[in-house]
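Below are the chains, spelled out letter by letter.
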Amino acid sequence: MAKDKIRNDRLGKLAALKQLNADPYGSRALITGMVEDVRALCPEETPEEGRASVVTVAGRVVALRDMGKSKWLDLLDRTGKIQVNLIQKRSVDIWEQAKHLDVGDFLEVTGILQKSKTGEVTIFGNSFRFLSKSLESLPAKWTGLRDVEIRYRRRYLDLIANEDSRKTFITRSRIISFIRAFLDREKFLEVETPMLQAIYGGAAARPFVTHHNALDIDLFMRISPETYLKRLLVGGLDRVYEINRNFRNEGIDTSHNPEFTMIEIYQAYADYEVMMDLTETLVSSAAREILDTTKITFGEHKIDVAAPWPRKSIHELVREVAGVNPEDDEAMKAKLASAGFAKEKLSGLDHDHLLGKVMDEIVEPTLINPTFVTHHPASLNPLCKRNRDKPELSDRFEVIVAGMELANAFSELNDPLEQRARFEAQVARADEEGYCNAVDEDYVSALEVGMPPAGGLGIGIDRLVMLLTGNPSIREVILFPTLKPRTPEELAEAMAETEEEE
RNA sequence: GCCCGCUUAGCUCAGCUGGUAGAGCAACUGACUCUUAAUCAGUAGGUCUAGGGUUCGAAUCCCUGAGCGGGUACCA
């Protein structure tokens with residue numbers, strides 16, 4: 001195969017370099033700076049003899065133009081590309097090594113920084129050193145790498161070949177840094193709470209189960225850090241947040257990955273309305289800081305994340321968007337049926353679930369710009385405070401953008417007696433709702449010690465990054481999204497299991 | 001889970017109603033000291049996703065499986 005042939009050729013070059021006493025896998029490079037910074041040092045005019053500045057950079061060769069006794073190459077690091085020229089005459093002693101250069105190799109280059117005749121910033125190399133010899137050819141520079149399966153499984157190739165992808169992940173990192181800086185400024189404390197939990201809760205999702213050998217107990221990968229963060233409010237850490245992974249054992253699609261990054265933020269003495277202010281400020285200022293604009297193109301949609309965002313109750317939205325009376329179950333059923341839903345599926349739904357269905361199916365797809373959807377039925381979330389005036393509703397909101405749930409927040413229930421009662425009701429329905437596996441007595445007894453009223457907020461970081469980078473698929477913003485195993489050994493194993501099942 | 005689509009050289013892709021596989025780039029050899037998708041001349045490279053079937057003959061048609069993508073269901 002061509003692939004093996006290339007590898008053998010490169011192994012030959014590796015051996016040749018060793019013959020020349022050159023280490024193909026060099027160590028520490030003493031660079032002048034990153035490519036971007038070095039480029040900025042380049043003088044406009046060619047300097048006089050003896051006054052030129054000598055710089056050292058390191059990076060991967062991504063293009064090689066061979067002209068016999070001269071070679072031009074492009075060196076890439078995270079910040080950009082810089083052109084390098086090597087001439088036999090100027091670097092006689094290492095010219096033999098230069099003959100073994102390939103696209104893909106990492107080099108350290110030292111030379112004079114000045115523009116070429118065509119105006120390109122160039123390092124005219126006096127010397128270079130191999131930092132790493134590549135044994136596999138990179139994807140063709142011009143066509144890039146489009147095969148999504150290779151892009152996800154071998155993300156390093158994607159990052160080398162596709163600048164868009166590289167930018168997406170750099171932006172992701174900057175978004176997270178921005179959020180941390182923002183919350184630190186507001187005197188929030190970043191904390192870490194258990195990912196291995198004996199009792200899981202804080203959301204409605206099925207968990208991953210794992211096993212601890214020494215304790216000989218099953219543990220659950222957390223579906224949410226919520227109850228642990230609120231224990232910290234009880235402990236007096238009155239503003240906390242955690243950015244980390246949650247795990248939900250459910251379907252995979254363009255907005256769901258089994259492990260995903262959430263930020264949860266809890267602020268004592270606040271409520272859900274304070275969290276609305278926080279959410280729209282956080283997101284819109286992140287956009288302004290990182291994108292320099294609040295206007296975003298997302299798939300088909302033009303979205304503006306500038307604050308303030310409209311705040312609408314579920315009842316208002318059902319009335320305005322779906323055009324039905326939210327108190328009239330039959331009208332909602334008729335509406336859903338006319339939208340193509342099977343009547344037999346609708347008959348089993350109670351009032352609260354009917355409302356949820358109308359929201360999910362009819363209202364949310366129409367919400368493109370960020371919208372606070374408020375006052376969900378209290379029965380749907382046992383951790384959420386009831387609305388004072390309408391106790392059948394909760395003081396809660398979700399943020400919907402481009403039809404997708406971006407954030408979820410509420411005033412935290414801090415009455416331990418009501419909390420226990422709601423947990424018990426939930427466990428009784430656990431089979432159908434899958435909300436939690438047991439009453440979390442430890443959490444309830446924490447509430448009995450006393451938890452201040454608080455606003456709690458969760459934002460899906462992956463979805464926020466999707467929004468701010470204009471990527472309509474969550475796999476484009478997760479470096480290594482969950483995929484089925486594909487290596488020969490893994491495949492053989494998977495096949496064997498399939499056969500056993502049959 | 002169900003439905004639809006995709007899978008051909010290292011990469012990006014052609015390949016019609018079935019006639020035995022092609023291009024560009026990358027690679028290799030040679031020429032070339034200001035190129036930048038370098039150029040020029042030449043060479044090599046394939047289990048057409050896997051298995052089975054129909055056929056004189058299958059990348060192409062049929063069946064089964066795999067991976068990936070999209071939709072749908074599930075996910076308050």
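Residues numbered from 1 in each chain as written. Chains lettered and ligands numbered in written order. Predicted model: local features only at pLDDT ≥ 70, side-chain atom pairs only at ≥ 80, totals over all residues. Heavy atoms only, no water.

Details of the confidence of the model for chain A
Selection criterion: On a range of 0 to 100, pLDDT expresses the predictor's confidence in each residue. Going along the chain from the N terminus, every DSSP run of H or I of four or more residues is numbered as a helix, and every run of E of two or more is numbered as a strand.
This prediction gives chain A a mean pLDDT of 90; 94% of its residues lie at or above 70. Looking across chain A, the model is least confident in helix α17 (residues 488-501), with a mean pLDDT of 46, and most confident in strand β6 (residues 189-190), with 98.

With respect to the pattern of salt bridges
Quick reminder of the rule: A pair is scored as a salt bridge if a Lys or Arg side-chain nitrogen falls within 4 Å of a carboxyl oxygen belonging to Asp or Glu. Partly exposed residues are those whose accessible area sits between 20% and 50% of the maximum for their type, while under 20% is buried and over 50% is exposed, using a 1.4 Å probe and protein chains only.
For the structure shown, the criterion picks out 34 salt bridges. One salt bridge connects E96 with K99, and the closest N-O pair in it is separated by 3.0 Å. For E96, a relative accessible area of 40% translates into the label partly exposed. Two residues, E190 and R180, come together in a salt bridge whose shortest N-O distance is 2.8 Å.

Let's talk about unusual backbone geometry
Following A307, the chain continues to P308 via a peptide bond in cis, the omega torsion being 0°. With respect to the element layout, P308 can be found in the loop between β13 (301-304) and β14 (311-313). Non-glycine residue A402 carries a positive phi angle of around 50°. Within the fold, A402 resides in the loop between β16 (396-401) and β17 (404-411).

Examining the sheet that holds β14
In plain terms, the rule: Strands are treated as partners if at least two bridges between them are detected by DSSP. Contacts: residue pairs with any heavy atoms within 4.5 Å of one another. The convention used is that axes are lines fitted to C-alpha atoms, helices contributing only their stretch in contact, and that angles between N-to-C directions extend from 0 to 180 degrees.
If you trace the eight strands from one edge of the open sheet to the other, you get β6-β10-β11-β18-β17-β16-β15-β14, paired in mixed fashion. In the strand order of this sheet, the two ends are held by β6 and β14, each with one partner. Bridge count for β17 against strand β18 (residues 454-460) is five bridges, and the pairing is antiparallel. Directly across from S411, in β18, lies its bridge partner G455. Contacting β10 (239-247), β11 (259-268), β17 and β18, helix α7 (residues 226-234) crosses the sheet at an angle of about 25° to β11.

Regarding the packing of aromatic side chains
Short version of the rule: Ring geometry is summarised as follows: Phe, Tyr and Trp rings, the Trp one being its six-membered ring, pair when their centres sit within 6.5 Å, and such pairs are stacked at plane angles under 30 degrees, edge-to-face over 60 and tilted between the two. Lysine NZ or arginine CZ positioned within 6 Å of the ring centre and within 35 degrees of the ring normal marks a charge as sitting over the ring.
Considering all chains together, one arrives at seven aromatic pairs under this definition. Measuring from centroid to centroid gives 5.0 Å for F372 and F397, while their planes differ by 85°, and the two rings are edge-to-face. Taken together, the residues F372 in strand β15 (residues 371-374) and F397 in strand β16 connect sequence positions 25 residues apart. No difference in accessibility class separates F372 from F397, as the two residues are buried. Connected via pairs of aromatic rings, a cluster forms that spans W309, F372 and F397. In this arrangement the basic side chain of R239 is found over the ring face of F188, its NZ or CZ atom lying 5.5 Å from the centre.

Regarding the protein's contact with RNA strand B
This is how the line gets drawn: What makes a residue near a molecule or strand is one non-hydrogen atom of that residue sitting within 4 Å of it. Definition of a polar contact: a pair of N or O atoms within 3.5 Å, with one able to donate and the other able to accept a hydrogen when the atoms are protein atoms, and with sequence-neighbouring residues admitted only if both atoms are side-chain atoms. Gly is placed with the polar residues, together with every amino acid not listed as nonpolar (Ala, Val, Leu, Ile, Met, Phe, Trp, Tyr, Cys and Pro) or charged (Asp, Glu, Lys and Arg).
In the region of RNA strand B, 51 residues are neighbours, and T118, E149, A204, E250 and L380 sit closest. Looking at RNA strand B alone, sugar and phosphate atoms form 61% of those within 4 Å of the protein. Here a base nitrogen of RNA strand B sits 3.3 Å away from a polar atom, N or O, in the main chain of G68. The backbone of D147 places a nitrogen or oxygen atom 2.9 Å from a phosphate oxygen of RNA strand B. Every element with two or more residues in the surface near RNA strand B is listed here: α1 (2-19), β1 (54-66), β2 (70-77), β3 (80-87), α4 (148-153) and α12 (351-363). Considered class by class, the residues forming the surface near RNA strand B number 17 nonpolar, 11 polar and 23 charged.

Side note on the sheet that holds strand β8 (residues 209-212)
The strand order across the open sheet formed by three strands is β7-β9-β8, and the pairing between neighbours is antiparallel. Strands at the two margins of the open sheet, each flanked by one partner only, are β7 (196-197) and β8. As paired elements, β8 and strand β9 (residues 217-221) share four bridges and run antiparallel to each other. Within β9, the residue paired with T210 across the bridge is L219.

Re the pairing of β10
Bridge count for β6 against β10 is two bridges, and the pairing is parallel. Residue pairing in the sheet places E190 in a bridge with Y241 of β10. With nine bridges joining them, β10 and β11 adopt antiparallel strand pairing. Within β11, the position partnered with F247 by the bridge is E259.

Here's the deal with the domain arrangement of chain A
Applicable threshold: Segment limits for the domains were obtained from an automatic or database-derived domain assignment.
By domain assignment, chain A separates into domain 1 (2-132) and domain 2 (160-226 + 234-309 + 452-476). Each of domain 1 and domain 2 was reduced to a C-alpha centroid, and the two centroids are 41 Å apart.

Side note on the side chain of D462
Examined against the element boundaries, D462 turns out to sit in helix α16 (residues 461-469). Look at D462 and you get buried, because its relative accessible area is 3%. Ignoring sequence-local partners within four residues, the contact set of D462 consists of R172, F260, T261, I474, V477 and I478.

Considering the pairing of strand β4 (residues 106-115)
Counting buried residues along β4, seven of its 10 residues qualify, which places the element largely inside the surrounding structure. Here β1 runs beside β4; their pairing, made up of seven bridges, is antiparallel. Within β4, the position partnered with V54 by the bridge is I112. Taking the residues between adjacent antiparallel strands as the criterion, β4 and strand β5 (residues 121-132) are bridged by five residues, where G119 takes a positive phi near 95°.

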